Amino acid sequence: MEAWARWCYRRKLLVLALWVSALAGLGVAGTAAGGDYANAFGIPGTDSSRAYDRMAEVFPESAGDTVNVVWRVDSGAVGMSSVRDRLEPALDRIGSLPGVGDVAGPYGPGPGGAARISEDGRTAYAQVTFAQQADAVPKELVQDVVDTARGAERAGLRVELGGQAITRISAPPTGIAEVVGILAAGVVLFLAFGSLFSMLLPITVAIFGVGTGLMSTLLLSHAVDVPEVASLLGSLIGLGVGIDYALFIVTRHRRALLGGRSPEESAVQALNTAGRAVLFAGGTVCVALAGMLVTRMSFLEGVVVATSLTVVLSVLAAITLLPALLSLLGERVLSPRQRRRLADEGPAPAEAKGAAARWSAAVQERPRAVAAVAVVLMAALAIPVLSLRLGATDQGNHPEDRTTRQAYDLLADGFGPGFNGPLQLAAETGALGAPGDPDVKAAVDALVERVAADDGVAMAAAMPLPAGSEVPVTVVQVVPTTSPQDVRTDQLIDRLRDDVIPGSGMEVHVGGVTAVFKDFSSVTADRMPLFIATIIGLGFLLLLLAFRSVVVPLTAAVMNLVAAAASFGVLVAIFQWGWGAELLGFGREGPITAFLPVIMLSMLFGLSMDYQVFLVSRMHEEWVHTKDNARAVRVGLAETSRVINSAALIMICVFGAFVLSGDTEGAVAGVGLAAAVALDAFVLRTALVPAAMHLLGKANWWLPGRLEERLPHLAVEAPEAPEAARRTTAEDPGTGTEKAVVSGGTTVVHGFVLDDEGMPVADAVLTLLSPAGRQLDRVATLADGGYILSVPAGGSYLLAVTSDLHEPWTRHILVGAEPLIHDLTLSPSPAASPSHPA
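Computed from a predicted model, the values in this text were never measured in an experiment.

1. Re the overall build of the chain
- In terms of regular secondary structure, the chain is built from 25 helices and 20 strands.
- Residue burial in the chain is summarised as follows: out of 838 residues, 55% are buried.
- Across the chain, the fraction of contacts at a sequence separation of at least 24, relative to all contacts at a separation of at least 6, is 77%.
- With an accessible surface of roughly 34400 Å², the chain has 60% of that area assigned to carbon and sulfur atoms.

The following block contains the structure:
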């Protein structure tokens, strides 16, 4: 990694040119080719999938998307001449638009027209069929249909439109969620860094990573079945991890610059440490996403391809494009104030100070209380997950001000709640004779009669076959008495399959959107345990190899499950129970979309592993140096909590912005992931995990001896000796002055600085001197009085301590090959006592 980082740093223009060319080339190719997304949610082998396949044989020409034009009068009836005179010309104009295949209205001859008028006569609808699917229908054509239909409105006559094509044009403009998320992330980055250039670096890297990922996905959709939602999910996770990964590297680079390193060495060190962690973290995200493949759902394979590709390209941008940008900026990644302070005061101490250090000390002091509060909070949030119900969302879940929601409600009021989600029964009649034979007709009539007799069925009727059709299948349209999302509709499907259909003497498959999502939910529930076991098991193995510990990956697995339960509890409360859903603009409550739990769990487990890696890798580094668990956990939390919290805020902004995407699944996923990241970062990683590690003590790093011998070594970060160990001094023969040189074989001295009452001294400065008087290391104490000094090798040294309120302290210490624990006590300075005011 070091050689790679140096190559990218020194050949910045070439790297930039390659990335710009890649983004531009993929953008042109993707725009020219367009998308060929597949939106079939069925699972091969299920009853609803077989019904869909048979219906496609019967009605091969029904591939075009449909739109419902719905109108309702406040008084009178839709059959009045005053209403017909306005609607019939409008429907005729819609039928003449290029790209419209057919318009079936209520005013034509035959029983089909009369069936499109409600029993009370006040509501009617017409079905507009396009020549293409919703994704391919030009938005201009859909808007012409909307404008023409809406032009027939008058006082007392409402006209609304529903359908997938209408949803597309009523949604916010494409990309608005991404733009809002990036702007919000920019604000967080500027507050965290205080530098415009540092703020722009992670955003630029994320844009290149996500841009190339989305364009690649667009092209892949022509070769692989990729659902349209995959591009939305790819941009959602790509922006989050792209900005966060660059943030971790830039933070390490800035810290090295402030510690006195040159820009090139700082960048190389950042890539060789944080960059390795980014590679490992990106790998864990891809592994978690690949866990979806064990569900054997073809629909999810395209999601895995799109999201994993975007993550891979985001990681690639972070470890190649970012060092090139760091080379361009040099020391300008620091704010002007930081550059002036570095020039005036020299390198800053590496130890973390401020709120992060104080919080870390507080967790160490009261780990049981912190853990108890965190556990109670997470348990309370997880309670709603016990009532989780999977299903399908539809236009009835749209916000009330959308025409799609109003059309949905008008149809439900006029024709019954089940009208918006009819079932289709595909009856195999080949064994009874050819289509149209008396025996076939009698069997179908008997089936319709049996179905209609069920209390949950409002209407059942056989659909007329296309002229000349010889396919031995008859389709029966069934309208339930309950809405598509009502649990009683699911129960009706079960009764039809288990009780009604077996007595018909025919092989009949129950299909329709409601049946498809019910089957999807059942398969998801059946395969979920294997899926969760797979991603937890793979994550455990990766962390076991990285940290040489059994307890650390076990802790991570438990925390991931806790975070998942709490985040899904939040989703259930908002989207299923409806707590604040309408107020927040999410529409009516309903079940959680069936495929979202698998996708969200993959993303959540991957992102949680990221935070675990960045937190524990710093703790592990400290543990290797000192073998002091309390110090390792305290220092690791103090030095990483700020960047983890900043990264979490960025992800919350990015994910939360997807409620503006206009896509229901995108909004649910965005809210769920934002809640998961917030709980994971602010409750688990900065409170419960460190508290648990303090309580477990040295057991955190336990690994059986036989396992230690057999496990391969996988380093998350390259071994990085503390700053002072590399800054030992030697005389420059050219100038006679001392200069910094790198030394090996280092060890450390660490401990606590206390006053005579046993309280920590947080303002002490410790200096380690060689026997010849050369300064070898200089550090300031943490909020809890802790310190760590690097020693180039075993031997005798001079340790000097100063503090504004205490007497100077100087002693000779003898250091061996192992770390030396050395606590010391300072006496109060007479100048600071009440009798001798300073």
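This is not the end of the story, as more comes after the structure.
2. Focus: the sheet that holds strand β15 (residues 775-780)
- If you trace the 4 strands from one edge of the open sheet to the other, you get β15-β14-β17-β18, paired in antiparallel fashion. In this open sheet, the two edge strands, each paired with only one partner strand, are β15 and β18 (806-815). On average, each strand axis in the sheet is tilted by 15° relative to the strand beside it, whichever way the strands run.
- In the sheet, strand β14 (residues 765-769) pairs with β15 via 5 bridges, with the strands oriented antiparallel. Note that in β15 the partner of L766 across the bridge is V779.

3. Some words on the packing of helix α9 (residues 196-220) against helix α12 (residues 298-329)
- Remark: α9 packs on α12, axes separated minimally by 8 Å, with the N-to-C direction vectors making an angle of 145°. As α9 runs across α12, the sense of the crossing is right-handed.
- Class assignment for the residues of the contact of α9 with α12 results in 17 nonpolar, 8 polar and no charged.

4. Description of helix α15 (residues 367-382)
- For α15, which comprises 16 residues, the first-to-last C-alpha distance of 22 Å matches the rise-based estimate of 22 Å (1.5 Å per residue) to within 8%.
- Buried within α15 are the following residues: P367, V370, A371, A374, M378 and A382. End-on, the buried residues of α15 take up no more than an arc of 95°, which puts them together on one face. Turned more than 90 degrees away from the buried face of α15, the exposed residues are R368, V373 and V376.

5. Digging into the nonpolar core
- Within the largest apolar cluster, 150 residues are counted, with the highest numbers of intra-cluster contacts made by Y245, M292, Y611 and F655.
- Here this core gets 18 residues from one element, more than from any other, and that element is helix α23 (residues 664-696).
- Apart from the residues within four sequence positions on either side, F655 is in contact with L236, I237, L607, G670, L673, A674 and V677.

6. Focus on the packing of aromatic side chains
- Inspection of the entire model under this criterion finds 9 aromatic pairs.
- Ring geometry for W19 versus F208: centroids 6.4 Å apart, planes at 85°, classification edge-to-face. Placement of W19 in helix α2 (residues 12-33) and of F208 in helix α9 is noted, with a sequence separation of 189 residues between them.
- What makes W19 buried here is its relative accessible area of 9%.
- When the centroid spacing of 5.3 Å and the interplanar angle of 70° are considered together, the rings of Y125 and F419 count as edge-to-face. A residue pair is termed long-range when its members are at least 10 positions apart, and Y125 in strand β3 (residues 123-130) and F419 in the loop between α16 (403-415) and β6 (423-428) qualify at 294 residues. The pair Y125 / F419 is uniform in exposure class, with both members buried.
- Members of the aromatic cluster, each reached through a chain of ring pairs, are Y125, F415 and F419.
- One residue, R332, lies across the ring of F197, its end atom 5.6 Å from the ring centre.

7. Some words on the pattern of salt bridges
- Counted under the stated rule, the structure contains 20 salt bridges.
- Here D47 and R497 are joined by a salt bridge, their closest N and O atoms 2.9 Å apart. With D47 in helix α3 (residues 47-58) and R497 in helix α18 (residues 487-500), this pair connects stretches of sequence that are 450 residues apart.
- The buried category is assigned to D47, whose relative accessible area is 15%.
- Its salt-bridge partner being D490, residue R389 comes within 3.9 Å of it at the nearest N-O pair. Here R389, found in the loop between α15 and β5 (390-391), pairs with D490, found in helix α18; they are 101 residues apart in sequence, far enough to count as distant.
- You can call R389 partly exposed: its relative accessible area is 25%.
- D490 gets classed as buried once you look at its relative accessible area, which sits at 17%.
- Through salt bridges with shared partners, one network takes in R6, R10, E264 and E265.

8. Description of the side chain of T482
- Following the sequence through the fold, T482 ends up in the loop between β8 (473-480) and α18.
- The exposure class of T482 is buried, given its relative accessible area of 9%.
- Separated by 2.6 Å, the side chains of T482 and T489 make a polar contact.
- Beyond its immediate chain neighbours, meaning those up to four positions away, T482 contacts P417, G418, R488 and T489.

9. Let's talk about the sheet that holds strand β4 (residues 157-162)
- On the basis of which strands lie adjacent, the open sheet formed by 4 strands has the order β2-β3-β1-β4 and antiparallel pairing. Of all the strands in the sheet, the pair left with one neighbour each is β2 (100-104) and β4. Strand after strand, the sheet turns through a mean of 20° between neighbouring axes, direction not considered.
- The pairing of strand β1 (residues 66-73) with β4 spans 6 bridges and is classified as antiparallel. Of the residues in β4, the one forming a bridge with V69 is L161.
- Helix α6 (residues 139-150) contacts β1, β2, β3 and β4 of the sheet and is inclined by roughly 165° relative to β4.

10. Structural notes on the packing of helix α20 (residues 551-576) against α23
- One can describe the packing of α20 onto α23 by two numbers: an axis separation of 8 Å at closest approach and a directional angle of 145°. By crossing handedness, the relation of α20 to α23 is classed as right-handed.
- Tallied by class, the residues present in the contact of α20 with α23 amount to 21 nonpolar, 4 polar and 2 charged.

11. Describing helix α10 (residues 228-258)
- The first and last C-alpha atoms of α10 sit 46 Å apart over 31 residues, in line with the 45 Å expected at 1.5 Å per residue.
- Among the 31 residues of α10, 27 are classified as buried, and the element is accordingly described as predominantly covered.
- Two residues or fewer after α10 comes G260, characterised by a positive phi angle close to 105°.

12. Some details on the environment of A382
- Topologically, A382 is positioned in helix α15.
- Look at A382 and you get buried, because its relative accessible area is 15%.
- Here the alpha-carbon distance between A382 and A564, two residues 182 residues apart in the chain, equals 8.5 Å.
- Ignoring sequence-local partners within four residues, the contact set of A382 consists of A565 and A566.

13. Notes on the environment of S96
- Following the sequence through the fold, S96 ends up in the loop between α4 (81-95) and β2.
- From its side chain, S96 meets the backbone oxygen of R93 in a polar contact 2.8 Å long.

14. A short note on the confidence of the model for the chain
- For the chain, per-residue confidence averages 83 on the pLDDT scale, and residues scoring 70 or more make up 89% of the total.
- Confidence, expressed as mean pLDDT per element, reaches its minimum in the chain at strand β12 (residues 738-741) with 36 and its maximum at α15 with 94.
- Of the regions scoring below 50 in pLDDT, residues 720-745 engages in 55 contacts with residues more than four places distant in sequence or in other chains.
- Throughout residues 833-838 the model reports pLDDT below 50, and contacts reaching past four residues in sequence, or to other chains, amount to 4 contacts.

15. Looking at a nonpolar patch on the surface
- On the surface, V187, F190, L191, L196, F197 and L200 cluster together to form a nonpolar patch covering roughly 570 Å² of accessible area.
- For the nonpolar patch, the secondary structure elements donating two or more residues are α8 (176-193) and α9.
- Tracing the chain through its elements places L200 in helix α9.
- With relative accessibility at 37%, the residue L200 sits in the partly exposed group.

16. Looking at the environment of T204
- For T204, the location among the structural elements is in helix α9.
- Separated by 121 residues in sequence, T204 and L325 have C-alpha atoms that sit 9.4 Å apart.

Definitions and limits used
Residues numbered from 1 in each chain as written. Predicted model: local features only at pLDDT ≥ 70, side-chain atom pairs only at ≥ 80, totals over all residues. Heavy atoms only, no water. Helix = DSSP H or I, 4+ residues; strand = E, 2+ residues; numbered from the N terminus. Buried < 20%, exposed > 50% of the residue type's maximum accessible area, 1.4 Å probe, protein only. Contact = heavy atoms within 4.5 Å. Areas by Shrake-Rupley, 256 points an atom, 1.4 Å probe, with all protein chains shown as cover. Pairing = 2+ DSSP bridges. Axes fitted to C-alpha atoms, helices over the stretch in contact; angles between N-to-C directions. Left-handed = near helix turned anticlockwise from the far one by under 90°. Nonpolar A, V, L, I, M, F, W, Y, C, P; charged D, E, K, R; others polar. Expected span 1.5 Å × (residues − 1). Arc of directions from axis to C-beta. Core = buried A, V, L, I, M, F, W, Y, C linked by side-chain atoms within 4.5 Å. Phe/Tyr/Trp six-rings, centres within 6.5 Å; stacked < 30°, edge-to-face > 60°. Lys NZ or Arg CZ within 6 Å of the ring centre and 35° of its normal. Salt bridge = Lys/Arg side-chain N within 4 Å of Asp/Glu carboxyl O. Polar contact = N/O pair within 3.5 Å; in protein donor to acceptor, adjacent residues only side chain to side chain. pLDDT = per-residue confidence, 0-100. Patch = residues over 30% accessible without salt bridge, like charges linked within 9 Å, V, L, I, M, F, W, Y side chains within 5 Å.

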